[in-house]
Amino acid sequence: MSYHQNRSIVIRNAIINSLFIIWCLVWRTGLGLTFFIIYASLGYIYNWPFYLPISIILGFIPWGWKVQEERRIREEEQKVRNLKNQIGDGFIYARAESNVEINYRGVIFLKSVFGLFVSGFLGMILGWKAILNMILQLVDNIRTVVRYM
């Protein structure tokens, strides 16, 4: 490929990646605001106890999902690095993992509600880091586009 073709591919990928990051920022923030507004409105109308703190926690759930996704990706990358260090180069290795859980309906409901609150707390505590990483990636993409234009 020529220099101009490579340059146009780099610019196109940076623009697409930037648009995706902007969409993710808007989507997660909008979804969190929706959770907050719906629960706070219903809690106010029906006089639910502690509706405001719960609605704030629920508002951070989408950013908690992002934090959990990043953590899961880091763990998988760490497993692959450890596996490469153990095996070395030149070998093909396959491994399958499975988790089997038998849950009743009540347990599934409680786990999902507890999972939502855990995601909300993770979003409140570590969501700023996920937002900062996305903004830094966006700035880097903009620098790339400006540099190659």
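On a predicted model such as this, the values are computed, not experimentally measured, just so you know. (Residues numbered from 1 in each chain as written. Predicted model: local features only at pLDDT ≥ 70, side-chain atom pairs only at ≥ 80, totals over all residues. Heavy atoms only, no water.)

*Asks:* Pulling in residues and values, what's your account of the overall build of the protein?
*Replies:* Along the protein, the regular secondary structure elements total four helices and zero strands. When the helices and strands of the protein are placed in sequence order, the string is α-α-α-α. Here the protein has a C-alpha radius of gyration of 21 Å; the compact-globule value for 149 residues is 15 Å, and the former is much larger. Overall, the protein is about 65 × 45 × 20 Å in size when its C-alpha atoms are taken along their principal axes. Taken over 149 residues, the protein has a buried fraction of 23%. When contacts within the protein are restricted to residue pairs at least 6 apart in sequence, those whose partners lie at least 24 apart make up 78%. The protein carries 16 positive and 9 negative side-chain charges, and their two centres are separated by 5 Å. (Helix = DSSP H or I, 4+ residues; strand = E, 2+ residues; numbered from the N terminus. Rg over C-alpha atoms; globule rule 2.2 N^0.38 Å. Buried < 20%, exposed > 50% of the residue type's maximum accessible area, 1.4 Å probe, protein only. Contact = heavy atoms within 4.5 Å. Lys, Arg positive; Asp, Glu negative; His and termini not counted. Charge placed at Lys NZ, Arg CZ, Asp CG, Glu CD.)

*Asks:* Would you mind going over the pattern of salt bridges in detail, with residue names and values included?
*Replies:* Applying the stated criterion across every chain, the model contains two salt bridges. A salt bridge links R28 to E69, with the shortest nitrogen-to-oxygen separation between them at 3.6 Å. Remark: E69 occurs in helix α3 (residues 61-87) and R28 occurs in helix α1 (residues 3-45); sequence separation between them is 41 residues. (Salt bridge = Lys/Arg side-chain N within 4 Å of Asp/Glu carboxyl O.)

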